[in-house]
Amino acid sequence: MAKYRIAWLPGDGVGSEVMEAAKIALDTLKLDAEYIHGDIGWEFWMNEGDPLPQRTIKMLKETDCALFGAITSKPKDEAARELKPELQDKGYVYFSPIVRLRQEFDLHTNMRPCKAYPGNPLNYKDGIDLVVFRENTEGMYGGVEFFPLPQSVFDALCVHPKMKKFGDKSPLSEIALSTRIMTKKGCASIVRQAFEFAKKFNRRNVTVVDKPNVLRETGGLMIRTAREVAKDYPNIPLWETNIDAQCMWLVKNPHDYDVLVCENMFGDIISDLCAQLVGGLGFASAGNIGDEYAVFEPTHGSAPKYASQYKVNPIAMLLAAKLMLDWLGEVDMGTRLENAVAKVIEEGKVRTYDMGGSSKTLEMAEEVARKL
Ligand code: IPM
Ligand code: MG
């Protein structure tokens, strides 16, 4: 029996192409693993009304962790129109499968490294090395939303003096409500992960990013909790910034920052910004990590316009495999994989279209494999 059982979730579009690239690297490393394919993605939405079928969830529960390619995700109404005719108007509602995986497996920590590998022509500036810790199950991704606004919810919210004016302006049938629910436990956990990482890897500082001047209660909870947690790490300074200013400063002085920690939505936004500083989504990997399970993915989407062309950059996917290896405890393999990727970037002989080259997805993977 293999040492690890890994769920293999290619998903949509270029997802399966970059997963093929990851397989080349993992096989070259001789990872002792069995890979179990899981159905996930748009095809299963259109044909079954569920992009993350129960059989896939069941299979995931029997594995150590999952590697995930990419998923097409669309707003609710657009998604509903693409259901096969027999499933139309039957009440199926599209929810992003990656968001569901994070919720169902309580993958509370999303870790997103953004490193400017030397020689990458797409680096905004050399020497950038950021890691974003994004809370992954709460906040605006908690899924507590309403449209139209039920009378009972409106009435309950009217305990707040500022609520009534919305009812005066519009009928409830024309009011939408999304919530940002954050818990002290969730805030403390993500901040602690950020500090633990900073301590382990000798990082210079941790920056907690929110907007407590406007989102006074949720933002306030995040900042107060961060201060409490920071007391356990007296040698690592905690910086506090607002999300808007932080975006500006990351563009202005990216070298000042090191480990960033945010709630879910701000982490989503700022991690795309950080990714672009080091070459774009083709270089950005993510680990969705819980206490017992984890899902590793590139942060790019399924890129439908490039599907079947084998042209997208597999580096984000390869770096996601590196994060998986580290998480499994195969740190030596993880380091070798990252070094091989870094070497290929530095040599610059094999480059995908985004890097100004014409190499294909699997050529890049094979070059990385040669370096291994
Ligand atoms: C990400 C993505 C997802 C998110 C989408 C695909 C639902 O943008 O992983 O950052 O918003 O979390
Ligand atoms: Mg995102």
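Criteria and thresholds
- Numbers given to residues run from 1 along each chain, matching the order in which its sequence is written.
- Whichever chain is written first is A, and whichever ligand is written first is 1; the rest continue in order.
- With pLDDT at 70 or above as the cut-off, local features in this predicted model cover only qualifying residues; side-chain atom pairs require 80 or more to be listed or tallied, and sums for whole chains, interfaces and linings still use all residues.
- Hydrogens and water molecules were not included; the side-chain quantities draw on all heavy atoms of the structure.
- Relative accessibility thresholds used throughout: buried, under 20% of the residue-type maximum; exposed, over 50%; partly exposed, between the two (1.4 Å probe, protein chains only).
- In this text, helices come from DSSP runs of H or I with a minimum length of four residues, and strands from runs of E with a minimum of two, each type numbered from the N-terminal end.
- When DSSP finds at least two bridges between two strands, those strands are taken to pair.
- Domain segmentation is taken from an automatic or database assignment of domains.
- Pairs of residues are marked as contacts when any of their non-hydrogen atoms sit within 4.5 Å.
- In this description, buried area is defined as the sum, over both parts, of the accessible area (probe of 1.4 Å) that is lost when the two are combined.
- Should a side-chain nitrogen of Lys or Arg be within 4 Å of a carboxyl oxygen of Asp or Glu, the pair is scored as a salt bridge.
- In protein, a polar contact means a hydrogen-donor-capable atom and an acceptor-capable atom, both N or O and within 3.5 Å, with residues adjacent in sequence counting only if both atoms are side-chain atoms; elsewhere, any N or O pair within 3.5 Å suffices.
- Orientation is described by axes fitted as lines to C-alpha atoms, over the contacting stretch for helices, and by angles from 0 to 180 degrees between their N-to-C directions.
- It suffices for a single heavy atom of a residue to lie within 4 Å of a molecule or strand for the residue to be listed as near it.
- Accessible surface is estimated by sampling points in the Shrake-Rupley manner with a 1.4 Å probe; for residues, cover comes only from the protein chains shown.

Participant: Just checking my understanding: could you explain the pairing of strand 3 (residues 65-70) for this structure?
Facilitator: The side chains of a regular strand alternate between both faces of the sheet. The buried fraction of strand 3 amounts to six of the six residues, a majority that puts the element mostly inside the structure. Strand direction decides the pairing type here: strand 1 (residues 4-11) and strand 3, joined by five bridges, are parallel. Along strand 3, the bridge assignment pairs alanine 7 with alanine 66. Across two bridges, strand 3 lies against strand 12 (residues 294-298) in parallel orientation. Of the residues in strand 12, the one forming a bridge with leucine 67 is phenylalanine 296.

Participant: What is the right way to read the domain arrangement of the protein chain from this model?
Facilitator: Put simply, an interface is often sized by how much accessible area is lost when its parts join up. Looking at the protein chain, the domain boundaries give domain 1 (1-108 + 284-372), domain 2 (129-141 + 179-277) and domain 3 (145-178). Taking only C-alpha atoms, the centre of domain 1 and the centre of domain 2 are 26 Å apart. Contacts between the two partners involve eight residues from domain 1, matched on the other side by nine residues from domain 2. Of the roughly 700 Å² buried at the junction of domain 1 and domain 2 (both faces included), carbon and sulfur atoms supply 41%. A per-residue breakdown of the area domain 1 buries against domain 2 is headed by Arg102, Gln103 and His108, which together make up 68% of the total. One can count zero salt bridges joining domain 1 with domain 2. Taken together, the links from domain 1 to domain 2 amount to six residue pairs in polar contact (both at pLDDT 80 or more).

Participant: Got a minute to help me understand the sheet that holds strand 11 (residues 285-289) in this structure?
Facilitator: Strand pairs in the sheet, formed through backbone hydrogen bonds, run parallel or antiparallel to each other. Sheet architecture is open: 10 strands sit in the order 2-1-3-12-11-4-5-10-8-9, paired in mixed fashion. Because the sheet does not close on itself, it has two edges, and the strands there are strand 2 (33-37) and strand 9 (238-242). Pairs of neighbouring strands in the sheet enclose a mean axial angle of 20°, with direction left out of account. Relative to strand 10 (residues 259-262), strand 8 (residues 206-210) runs parallel, the two being bridged by four bridges. In the sheet register, valine 208 faces strand 10, and the bridge partner there is valine 261. On top of the sheet, helix 1 (residues 15-28) reaches strand 1, strand 2 and strand 3; it is set at about 150° to strand 1, its chief contact.

Participant: Looking at this model, I keep getting lost on the site of ligand 1. Mind explaining?
Facilitator: Taken together, the residues surrounding ligand 1 are Ser96, Val99, Arg102, Arg112, Arg134, Tyr141 and Asp268. Between ligand 1 and the protein, one listed contact pairs an oxygen atom with a side-chain N or O atom of arginine 112 at 2.7 Å. Residue tyrosine 141 places a side-chain N or O atom 2.6 Å away from an oxygen atom belonging to ligand 1. Relative to its free-state accessible area of 320 Å², ligand 1 is covered by the protein chains to the extent of 75%.

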